[in-house]
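Residue-level listing of the chains:
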Amino acid sequence: MKHPCLFLVLICFSIIKAYSGVPADTLKERLISIPTAHSKLTLFRAADNRIYQLAYGRTDQEISIPANIAGREDEFLPPSGNGFIWEPAIQAFHADGNTSTDLVFVRQSVKAIDNNVSLTRIELKDSYYPFYVTICIKAYYNEDLIEQWAEISHKENGPVTLFRFASSSPVFHARNYWLSQFYGAYKKEFQMVEEKLTPGIKVLDSKLGVRAQQMRNPSFILSVNDSAREDSGDVYGGTLGWSGSFQLSFEMDNANRLRALCGINPFGSQYKLQPGKVFTTPSMYWTFSTEGKGQVSRNFHRWALKYGIRDGQKPRPVVVNNWEATGMKFDESTIVSLFDGAKQIGADLFLLDDGWFGNKYPRDTPKSGLGDWDANKVRLPQGLPYLAKEAQKRNVKFGIWLEPEMVNPLTELFENHPEWAIGEPHREPQLSRNQLVLDLTRPEAKEYVWNVIDKTFSQSSDISYTKWDCNRYVTQPGSTYLKPDEQSHLLIDYNFALYDIMGRMAKKYPNVMAMVCSGGGGRVDYGALKYFHSFWPSDNTDPVRRIYMQWGYSHFFPANTIASHVTNMGKRPLRFAINVAMSGALGVDMDIRKNTPEERNVLAAGIKLYKENLREIVQQGDLYRLESPYEGPRASLDYVAVDKSKAVLFIYQLKAGSPVVLKPRGLDPLRKYRIKEVNLPENESSKLAIDGKVLDGATLMRDGLIPTSKNEFDSMVIEFSTTN
Ligand code: DGJ
């Protein structure tokens with residue numbers, strides 16, 4: 001469906017624009033309505049000329065236009081002081097020392113970017129000071145998603161200090177609120193927990209500076225009235241596009257109202273904004289559905305594939321990575337022989353991980369070399385171009401690992417530029433994984449980082465993939481470049497500089513696919529993903545743990561972004577590991593030379609099946625989460641092609657259990673599907689009662705099927721293909 005309401009919105013806005021400033025405005029003309037296909041945000045310019053939120057959510061919700069607004073609680077982007085007594089979205093100390101801000105409406109505009117996307121800009125100004133905030137809202141009509149950010153600027157006589165700069169701060173009115181967060185740690189990323197909110201403030205945050213995630217991801221599910229269900233109920237999803245410290249705070253007041261303040265973490269980050277400069281907050285992405293969190297996820301996925309990630313529609317290659325197989329212990333001939341393994345199992349690409357660089361201080365342990373980005377002449381005497389060519393000869397593409405923002409003290413880089421590292425004076429430098437973070441606010445360091453990328457990729461046009469890692473966070477946020485009174489800018493400006501470099505990479509090397517990684521899944525957010533094709537979810541590749549993680553990630557991120565590699569971790573049955581990895585962007589991290597011929601055959605068969613039959617459905621289709629690993633012995637999910645002509649069902653037995661009916665979802669009720677269990681062991685046929693049968697979608701979804709999996713680590717992959 002195209003954008004039937006956009007025209008109406010445009011008319012509505014032109015009317016409002018025409019009336020702005022005229023005292024006799026009717027109440028209706030003061031409404032600002034931002035619809036998407038199944039949701040609507042309604043704002044209101046009240047008599048006091050402030051912007052209030054009337055509703056966000058259902059399109060059938062009756063909106064009563066208030067004759068007057070009694071209090072400030074529903075102000076849409078509330079500033080601190082001058083009467084606002086809750087957590088503010090914007091807090092500024094003005095050049096003359098005034099600590100309050102009072103934002104009133106100046107003008108608004110709406111622009112149709114195309115027939116699906118509109119941009120609404122609501123310009124506000126302080127009632128006294130030349131201090132301006134523009135609320136920007138992009139609505140993606142068909143995807144039911146709104147993106148919100150703020151632009152803050154001023155023309156005062158000196159810097160204004162910003163203490164709060166939320167991107168978005170909607171209010172909700174419901175009986176009660178259930179919040180699901182996705183928390184974790186290294187090797188335990190993206191675990192899901194839901195709680196009922198109580199009065200007071202619940203804060204989800206990160207203070208890690210250069211990665212959003214470690215203890216939790218900047219994403220959440222907010223269900224109103226009841227706890228979140230997969231396929232029913234009013235549910236919101238929110239995710240912040242920011243790779244630095246974030247704060248998501250949920251304040252429930254004594255009238256049962258909930259305000260969600262979402263943005264950069266203001267902790268230790270007050271920002272002196274110079275006159276004429278614009279502070280643009282990162283984007284906050286919201287979606288809403290009356291059909292549960294399953295639809296919320298599908299909205300995020302549809303949006304991400306089209307707008308949120310690089311080349312959303314391009315198939316992700318089946319990658320063989322050497323990290324778990326070799327660590328840093330390899331030389332040229334080892335790597336070349338691993339290409340043979342990659343070719344044997346039918347992979348698309350070989351990704352050479354950490355350990356390939358450093359000469360004065362070779363990178364043969366994590367203690368040295370990080371920062372000196374020349375191929376090690378002893379281990380790789382013919383350099384990267386030779387490796388890329390050798391891979392190419394075998395019809396395997398070649399990718400390379402980088403961690404360009406970091407430095408080991410044991411490097412030539414650090415010997416020459418110790419002042420480029422982030423750290424505090426008079427404090428013992430804190431190393432983490434033996435490394436420090438380069439200060440990207442310093443132009444020379446930033447340029448060096450860009451040159452690392454440029455120099456690496458430009459060596460050979462056969463380098464077509466990269467993994468960008470970031471293995472520590474900031475614990476001593478000091479810069480020798482920033483002035484003493486701008487030290488608190490460091491973590492914010494770091495991330496803007498980082499995006500600048502990532503943007504340059506994407507622009508200059510559009511054909512180099514990129515995976516974002518940060519000691520596992522530390523940097524998984526739509527701020528970074530704009531420049532990447534996929535992410536490394538975790539260094540924990542035990543398929544059992546991955547079932548939980550992939551379940552969590554799938555709430556916000558489409559399957560083609562979730563790199564899922566088959567490894568030996570956990571020592572699970574190989575077929576189980578493959579079937580788990582096939583429900584994401586399949587890859588392998590094994591030394592294929594050490595696999596038995598049988599294992600190689602199983603891998604090759606899985607990869608062939610994935611590439612020929614499943615990749616497109618998994619990577620482009622709609623996801624239906626069927627049975628949660630958190631709730632029973634069996635987890636299951638299906639993906640349905642957008643035109644509903646095909647679907648694939650994955651079933652994983654986490655504990656032994658007796659088979660019970662499983663109902664697929666998302667099929668076309670009227671079309672007939674042939675059912676076929678695939679990826680079976682050689683010479684085994686399916687024991688599924690309906691294998692080979694043709695049933696219509698309605699019957700399949702109503703009656704379901706009885707999986708034959710019953711023992712721990714049994715797994716099944718079942719294809720549905722339409723016959724009409
Ligand atoms: C952390 C990543 O998560 C791993 O996959 C690997 O690339 C190592 N870093 C290399 O140092």
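Going along each chain's sequence as written, the residues are numbered from 1 onward. Per-residue local features are limited, in this predicted model, to residues with pLDDT of at least 70; the limit for side-chain atom pairs, both in listing and counting, is 80 or more; totals at the level of whole chains, interfaces and linings are taken over all residues. Remark: hydrogens and water are excluded; side-chain values derive from all non-hydrogen atoms of the structure.

### Some details on the side chain of Asp622
With respect to the secondary-structure elements, Asp622 resides in strand 31 (residues 622–627). With a relative accessible area of 16%, Asp622 lands in the buried category. By the criterion applied in these results, polar contacts are pairs of N or O atoms within 3.5 Å in which, for protein atoms, one can donate a hydrogen and the other can accept it, and in which residues neighboring in sequence qualify only through two side-chain atoms. A distance of 3.0 Å separates polar atoms of two side chains, one belonging to Asp622 and the other to Arg302. Segments assigned H or I by DSSP are reported as helices when at least four residues long, segments assigned E as strands when at least two residues long, and all are numbered from the N terminus. Three exposure classes are used, based on accessible area relative to the maximum for each residue type with a 1.4 Å probe and protein chains only: buried under 20%, partly exposed in between, and exposed over 50%.

### Side note on the domain arrangement of the chain
Segmentation into domains, and thus their bounds, comes from an automatic or database assignment. The assigned domain composition of the chain is domain 1 (4–308), domain 2 (319–539) and domain 3 (623–722). Taking only C-alpha atoms, the centre of domain 2 and the centre of domain 3 are 40 Å apart.

### Regarding the site of the ligand
One heavy atom suffices: a residue is near a molecule or strand as soon as one of its heavy atoms comes within 4 Å of it. With respect to spatial proximity, 13 residues lie near the ligand, and among them Asp353, Asp354, Lys467, Asp469 and Asp539 are the closest. Within the contact set of the ligand, an oxygen atom lies 2.8 Å away from a side-chain nitrogen or oxygen of Arg433. Here the ligand, which alone exposes 290 Å², has 98% of that area covered by the protein. Among the residues making up the shell around the ligand, the classes are represented as four nonpolar, three polar and six charged. Note on areas: Shrake-Rupley with a 1.4 Å probe; residue coverage comes only from the protein chains shown. Amino acid classes used here: Ala, Val, Leu, Ile, Met, Phe, Trp, Tyr, Cys and Pro are nonpolar; Asp, Glu, Lys and Arg are charged; the rest, including Gly, are polar.

### Considerations on the sheet that holds strand 2 (residues 39–45)
Pairing between strands is defined by DSSP: at least two bridges between the two strands are required. The strand order 1-2-3 describes an open sheet built from three strands, whose pairing is antiparallel. Edge positions in the open sheet fall to strand 1 (31–36) and strand 3 (51–57), since each of these has one partner strand only. Averaged over neighbouring strand pairs, the angle between their axes works out to 15 degrees when direction is ignored. Sheet topology note: the strand 1/strand 2 ladder contains six bridges and is antiparallel. Paired with Ile32 across the bridge in strand 2 is Leu43. Note on geometry: axes are C-alpha line fits, over the in-contact stretch for helices, and angles between N-to-C directions span 0 to 180 degrees.

### Points about the pairing of strand 7 (residues 131–140)
Most of strand 7 is tucked away, with eight of its 10 residues classed as buried. Summarising the sheet, strand 6 (residues 117–126) and strand 7 pair through nine bridges and their orientation is antiparallel. Within the sheet, the bridge partner assigned to Arg121 lies in strand 7 and is Cys136. Counting the residues between successive antiparallel strands, the hairpin from strand 6 to strand 7 contains four residues.

### Section: the confidence of the model for the chain
When pLDDT is averaged along the chain, the result is 95, and 97% of the positions lie at 70 or above. Think of pLDDT as the predictor's per-residue confidence, scored from 0 to 100. Contact between two residues is taken to exist if any of their heavy atoms lie within 4.5 Å; hydrogens are not considered. Throughout residues 1–24 the model reports pLDDT below 50, and contacts reaching past four residues in sequence, or to other chains, amount to 38 contacts.

### Thoughts on the packing of aromatic side chains
One pair of aromatic rings is described through two measures. These are the centre distance and the angle between the planes. To pair, rings of Phe, Tyr and Trp, with the six-membered ring standing in for Trp, must have centres within 6.5 Å; the planes then decide the type, stacked if under 30 degrees apart, edge-to-face if over 60, and tilted in the middle. Under the counting rule described, the total for this entry stands at 48 aromatic pairs. A ring pair is formed by Phe535 and Phe557, whose centres lie 5.6 Å apart and whose planes are at 75 degrees; its orientation type is edge-to-face. Of the two residues, Phe535 is situated in strand 28 (residues 534–535) and Phe557 in the loop between helix 10 (543–553) and strand 29 (563–566); the sequence distance between them amounts to 22 residues. Judged by relative accessible area, Phe535 falls into the buried class, the value being 0%. Both rings, one in Phe576 and one in Tyr652, keep their centres 6.2 Å apart while their planes meet at 85 degrees; by these two values the pair is edge-to-face. Of the two residues, Phe576 is situated in helix 11 (residues 574–581) and Tyr652 in strand 33 (residues 646–653); the sequence distance between them amounts to 76 residues.

### A word on unusual backbone geometry
Positive phi, close to 70 degrees, is recorded for Asn49, a residue that is not glycine. Mapped onto the fold, Asn49 is located in the loop between strand 2 and strand 3. Even without glycine at this site, Arg433 takes up a positive phi of about 50 degrees. Mapped onto the elements, Arg433 comes out in the loop between helix 6 (412–416) and strand 25 (436–437). A relative accessible area of 30% places Arg433 in the partly exposed class.

### Concerning the environment of Lys272
Within the secondary structure layout, Lys272 lies in strand 18 (residues 271–273). With a relative accessible area of 25%, Lys272 lands in the partly exposed category. As for Lys272 and Ala174, which are separated by 98 residues in sequence, their C-alpha atoms are 38 Å apart. Setting aside its immediate chain neighbours within four residues, Lys272 contacts Pro159, Val160, Thr161, Asp485 and His489.

### Section: the sheet that holds strand 34 (residues 672–678)
Strand order in the open sheet formed by six strands is 31-32-33-36-34-35, and the pairing between neighbours is antiparallel. In the strand order of this sheet, the two ends are held by strand 31 and strand 35 (694–696), each with one partner. With strand direction ignored, the average angle separating the axes of adjacent strands in the sheet is 25 degrees. One ladder, built from seven bridges, connects strand 33 with strand 36 (residues 715–722); its direction is antiparallel. Each residue of the ladder has a partner; that of Tyr652, found in strand 36, is Ser715.

### Thoughts on the pattern of salt bridges
Whenever a carboxyl oxygen of Asp or Glu lies within 4 Å of a side-chain nitrogen of Lys or Arg, that contact is scored as a salt bridge. Summed over the entire model, instances satisfying the criterion amount to 41 salt bridges. Among the salt bridges present, the one from Asp374 reaches Lys455, with a minimum N-O distance of 3.2 Å. Here Lys455 lies in helix 7 (residues 443–458) and Asp374 lies in the loop between strand 22 (349–352) and helix 5 (383–393), a separation of 81 residues in the sequence. Judged by its relative accessible area of 34%, Lys455 falls in the partly exposed class. Here the salt bridges share partners, and the residues they tie into one network are Asp340, Glu390, Lys393 and Arg394.

### Considerations on the environment of Thr26
In this fold, Thr26 is placed in the loop between helix 1 (4–19) and strand 1. When the C-alpha positions of Thr26 and Asn359 are compared, they lie 74 Å apart, and in sequence the two are 333 residues distant.

### A short note on the pairing of strand 17 (residues 257–264)
Counting buried residues along strand 17, eight of its eight residues qualify, which places the element largely inside the surrounding structure. Here two bridges tie strand 9 (residues 160–168) to strand 17, and the two strands are oriented antiparallel to one another. Bridged to Ser168 within strand 17 is Cys262. The sheet contact formed by strand 10 (residues 171–173) and strand 17 spans three bridges and is antiparallel. In the sheet register, Val171 faces strand 17, and the bridge partner there is Arg259. Note that strand 16 (residues 246–252) and strand 17 share seven bridges and pair antiparallel.

### Notes on the packing of helix 7 against helix 8 (residues 490–508)
In contact at an axis separation of 10 Å, helix 7 and helix 8 are set at 20 degrees when each is read in the N-to-C sense. Taken together, the axis directions place helix 7 and helix 8 in an arrangement best described as roughly parallel. Note that helix 7 runs across helix 8; the crossing there is right-handed. Between helix 7, through Lys446, Glu447, Val449, Trp450, Ile453, Asp454 and Phe457, and helix 8, the contact on the second element is made entirely by Ala497, Asp500, Ile501, Arg504, Met505 and Lys508. Here the residues of the contact of helix 7 with helix 8 sort into seven nonpolar, no polar and six charged. Angle categories: roughly parallel below 35 degrees, roughly antiparallel above 145, roughly perpendicular from 65 to 115, and oblique for all the rest. Left-handed describes a crossing in which the near helix is turned anticlockwise from the far one by less than a right angle; the clockwise case is right-handed.

### Examining helix 5
By the burial criterion, the buried members of helix 5 are Gly383, Leu384, Leu387, Ala388, Glu390 and Ala391. Buried residues along helix 5 sit against helix 4 (332–345), strand 22, strand 23 (397–402), helix 7 and strand 26 (463–468). Phi turns positive, to about 65 degrees, at Asn395, one or two residues after helix 5.

### Notes on the nonpolar core
Throughout this description, the term nonpolar core refers to a set of buried Ala, Val, Leu, Ile, Met, Phe, Trp, Tyr and Cys residues connected via side-chain atoms within 4.5 Å. In this structure, Phe131, Leu162, Trp286, Leu352, Trp356, Phe398 and Val566 are the most contacted members of the largest nonpolar core, which totals 185 residues. In terms of nonpolar packing, the next biggest core, distinct from the first, is built from 17 residues, Ile690, Leu700, Ile718 and Phe720 among them.

### Quick word on the environment of Pro199
Along the chain, Pro199 falls in the loop between strand 12 (191–196) and strand 13 (200–205). Given the relative accessible area of 62%, Pro199 is considered exposed. C-alpha of Pro199 to C-alpha of Ala528: the two residues are 329 residues apart in sequence and 34 Å apart in space.

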